Amino acid sequence: MDARTPEPAGSAGDPAADGSVGSAPADASAAPVVLEMRGIGKTFGPVVALKRVDLEARRGEVHAICGENGAGKSTLMKVLSGVYPHGSYTGDIVFDGQICEFRSIRDSEAAGIVIIHQELALCANLSILENIYLGRQHTDKGMIRWESMRGEARRLLAKVGLDENPDTLVGQLGVGKQQLVEIAKALSKRVRLLILDEPTAALNDDDSEQLLELIRQLRAEGVTCVIISHKLGEIEEIADTTTIIRDGETVESFSMRDPDAGEDRIIRGMVGRSLDSRFPDRTPQIGEELLRIEDWTTEHATIPDRLAVDHAHLSVRAGEIVGIAGLMGAGRTEFVMSVFGRQYGTYRGGKVFKNGREIDVSTVRRAIAAGLAYVSEDRKEAGLNLIQSIRENISAAALGKLTRRGMIDEHREVLVAQKYQRDIRIKTAGVETVVGNLSGGNQQKVALAKWMYTDPDVLILDEPTRGIDVGAKFEIYQLIHELAATGRGVIVISSEMPELIGLCDRIYAINQGRVTGEIDREDVTQEALMRLMTQEEGVRA
């Protein structure tokens with residue numbers, strides 16, 4: 001850390017047990033500015049990620065940063081937190097009135113700036129205690145003071161509302177609880193400015209609300225929170241100020257108390273235009289039954305004799321978009337994963353028919369050969385190889401189409417990838433770009449292209465718009481419409497009821513592994529759908 005970088009309040013060698021930094025003013029707009037980012041620019045070779053971004057955040061406010069995927073939001077926060085060190089970007093970071101030159105994450109954390117990335121940086125095989133103090137253990141004459149750390153860890157966990165033994169392995173916790181461990185870890189570093197990158201993207205409604213309540217508590221204690229989020233409803237609910245970034249530049253910053261502050265203003269700033277409708281217009285052309293699943297039954301992957309999927313059924317017709325709704329843990333993903341090559345649990349019964357004839361889906365290879373494709377809900381872990389190129393990812397599920405005498409025709413592979421890049425509008429310099437360097441929305445398009453290249457008759461999309469912005473969502477919806485217009489059947493799983501209602505021709509509800517009912521587009525409401533999602537048995541609405 002440069003000599004001009006401010007030191008945090010208190011002793012760096014004596015981390016506070018609760019992270020308290022004092023209370024914030026009731027009106028965040030009256031608080032002093034603690035962070036200024038002036039004219040920040042960042043390039044990666046010929047690619048300009050940030051042109052000139054300006055940002056101001058006040059003490060004890062929640063400051064939201066919004067923008068389309070690829071706008072530069074995460075890059076800006078990596079500059080602030082020292083992931084991209086001083087000298088690799090242009091412009092100035094001013095924290096507490098002093099210009100800072102962070103050369104590492106350790107430098108920014110020493111100043112009280114802590115970032116929690118969308119992909120949590122926890123070690124699953126270590127305990128909560130070990131994760132909180134990893135690399136910063138309390139020692140006395142070379143010996144680790146375990147009881148001292150354990151006592152402080154308990155106080156930190158209580159502060160974030162996590163009722164867990166500090167010795168519990170992090171791998172045994174759900175994603176929501178892991179987020180709380182990350183915040184407890186940040187508080188142990190005497191955090192004064194907390195950066196959260198898509199903190200609720202993978203959380204259910206209850207976990208999201210618990211996390212938002214914790215952010216409110218931190219704000220009341222004077223901690224400044226900078227949040228990147230695509231959930232505009234949450235931004236309206238919790239943010240004091242919003243800054244919009246588009247194409248690597250600041251569009252505007254405004255108080256959420258302004259009369260016109262809200263989702264419409266944020267969307268206009270993000271995409272450069274208003275979205276009068278969140279969903280493209282579509283006139284369905286629905287044909288004969290294409291796929292039917294009967295009495296599908298699967299035993300739970302880790303709990304013997306428990307059914308994760310219990311005699312479930314579903315049908316989809318040519319040109320039809322069918323939704324699957326259910327609360328977290330209802331069995332939606334388990335259902336489709338077990339159908340597509342029996343990737344989940346133990347098969348206990350059921351049949352799959354396509355065009356009236358039973359098909360074999362007992363392996364992924366056979367499911368693909370039968371005309372099915374499945375885009376996973378977790379594109380980064382199960383859907384894509386992030387260290388390979390766009391070209392390699394798109395061809396991965398159908399290499400046989402590019403192979404001659406056991407050799408891959410790389411020229412044809414490039415042409416195929418370039419066609420999908422054009423057709424589905426993947427924003428990139430070329431098909432040799434590493435997928436891990438793409439924005440979330442463009443990664444999702446690559447995942448779609450990968451399975452579209454297998455030429456499926458039925459495409460199953462599990463959370464196809466998770467973690468992507470409203471502009472990219474609109475483009476994904478257009479792609480789904482285009483797939484249905486070719487006579488394919490599309491099955492969509494989504495945790496967002498408005499998305500299912502706006503996109504689908506019919507929606508099935510699942511609870512405890514059983515299909516509890518189905519609703520046609522003209523009859524669907526959020527209330528009717530929720531009733532089916534929470535009851536044990538149901539009938540067609």
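Since the model is a prediction, treat every value here as computed from it, not as a measurement.

Caption draft 1: Representation of the overall build of the chain. Summing up its helical and strand segments, the chain has 17 helices and 24 strands in all. At 25 Å, the chain has a C-alpha radius of gyration in line with the 24 Å of a compact globule built from 541 residues. Looking at the chain as a whole, 55% of its 541 residues are labelled buried. Pairs at least 24 apart in sequence give 68% of the contacts found in the chain among residues at least 6 apart. A total of about 23,500 Å² of accessible surface is found on the chain, and carbon and sulfur atoms cover 47% of it. The average position of the 65 basic charges and that of the 82 acidic charges among the side chains of the chain differ by 4 Å.

Caption draft 2: Broad picture of the side chain of Arg 488. Position of Arg 488 relative to the elements: it lies in the loop between α15 (470-485) and β22 (489-493). A polar atom in the side chain of Arg 488 sits 2.9 Å from the backbone oxygen of Pro 456. A polar side-chain atom of Arg 488 sits 2.8 Å from a polar atom in the side chain of Thr 486. In this view, Arg 488 contacts Leu 290, Arg 317, Ala 318, Gly 319, Glu 320, Asp 455, Pro 456, Asp 457 and Leu 483; residues no more than four positions away in its chain are not counted.

Caption draft 3: Inspection of the sheet that holds β22 at higher detail. With mixed pairing, the 6 strands of this open sheet are ordered in space as β18-β21-β22-β15-β23-β24. Looking at the sheet topology across the chains shown, the edges are occupied by β18 (372-375) and β24 (514-520). If you compare each strand with its neighbour and ignore which way they point, the axes differ by 20 degrees on average. Here 4 bridges tie strand β15 (residues 321-325) to strand β23 (residues 506-511), and the two strands are oriented parallel to one another. By the bridge assignment, Val 322 is partnered in β23 with Arg 506.

Caption draft 4: Here's a closer look at the pairing of strand β13 (residues 289-299). With 7 bridges connecting them, β13 and strand β14 (residues 307-317) associate as antiparallel partners. Bridging from a neighbouring strand, Glu 299 pairs with Leu 307 of β14.

Caption draft 5: A look at the packing of aromatic side chains. Per the stated rule, a full pass over the model turns up 6 aromatic pairs. Judged by centre distance (4.8 Å) and plane angle (25 degrees), the ring pair of Phe 279 and Tyr 477 falls under stacked. Pair noted here: Phe 279 is in the loop between α8 (263-271) and β13 and Tyr 477 is in helix α15, with a separation of 198 residues, a long-range link. On the basis of relative accessibility, which here comes to 4%, the residue Tyr 477 falls in the buried class. Pairing Phe 340 with Tyr 374 gives two aromatic rings, centres 6.0 Å apart and planes at 45 degrees, and the pair type is tilted. You can see Phe 340 sitting in the loop between α9 (332-339) and β16 (346-354) and its partner Tyr 374 sitting in strand β18, a full 34 residues away along the chain. Judged by its relative accessible area of 2%, Phe 340 falls in the buried class. For Tyr 374, a relative accessible area of 5% puts it in the buried group. Cluster of aromatic residues (ring-pair linked, three or more members): Phe 340, Tyr 374 and Trp 451. Lying across the ring of Phe 44, Lys 42 places its NZ or CZ 5.0 Å from the centre. Above the plane of the ring of Tyr 84 lies Lys 42, whose end atom (NZ or CZ) is 4.7 Å from the centre.

Caption draft 6: Representation of the sheet that holds strand β17 (residues 357-358) within the structure. Within the open sheet, the 4 strands sit side by side as β14-β13-β16-β17. Their pairing is antiparallel. Only two strands of the sheet have a single neighbouring strand rather than two, namely β14 and β17. The strands touched by α9 are β13, β14 and β16; relative to β14, the strand with the most contacts, the crossing angle is about 75 degrees.

Caption draft 7: View of α9. Buried residues dominate α9, accounting for 6 of its 8 residues. Among the residues of α9, Arg 332, Thr 333, Phe 335, Val 336, Ser 338 and Val 339 are the ones counted as buried. Just downstream of α9, Gly 341 is the residue with a positive phi angle, here 80 degrees.

Rules used throughout
Residues numbered from 1 in each chain as written. Predicted model: local features only at pLDDT ≥ 70, side-chain atom pairs only at ≥ 80, totals over all residues. Heavy atoms only, no water. Helix = DSSP H or I, 4+ residues; strand = E, 2+ residues; numbered from the N terminus. Rg over C-alpha atoms; globule rule 2.2 N^0.38 Å. Buried < 20%, exposed > 50% of the residue type's maximum accessible area, 1.4 Å probe, protein only. Contact = heavy atoms within 4.5 Å. Areas by Shrake-Rupley, 256 points an atom, 1.4 Å probe, with all protein chains shown as cover. Lys, Arg positive; Asp, Glu negative; His and termini not counted. Charge placed at Lys NZ, Arg CZ, Asp CG, Glu CD. Polar contact = N/O pair within 3.5 Å; in protein donor to acceptor, adjacent residues only side chain to side chain. Pairing = 2+ DSSP bridges. Axes fitted to C-alpha atoms, helices over the stretch in contact; angles between N-to-C directions. Phe/Tyr/Trp six-rings, centres within 6.5 Å; stacked < 30°, edge-to-face > 60°. Lys NZ or Arg CZ within 6 Å of the ring centre and 35° of its normal.

It is worth stressing that arrangement in space is one thing and function is another; only the former is reported here.
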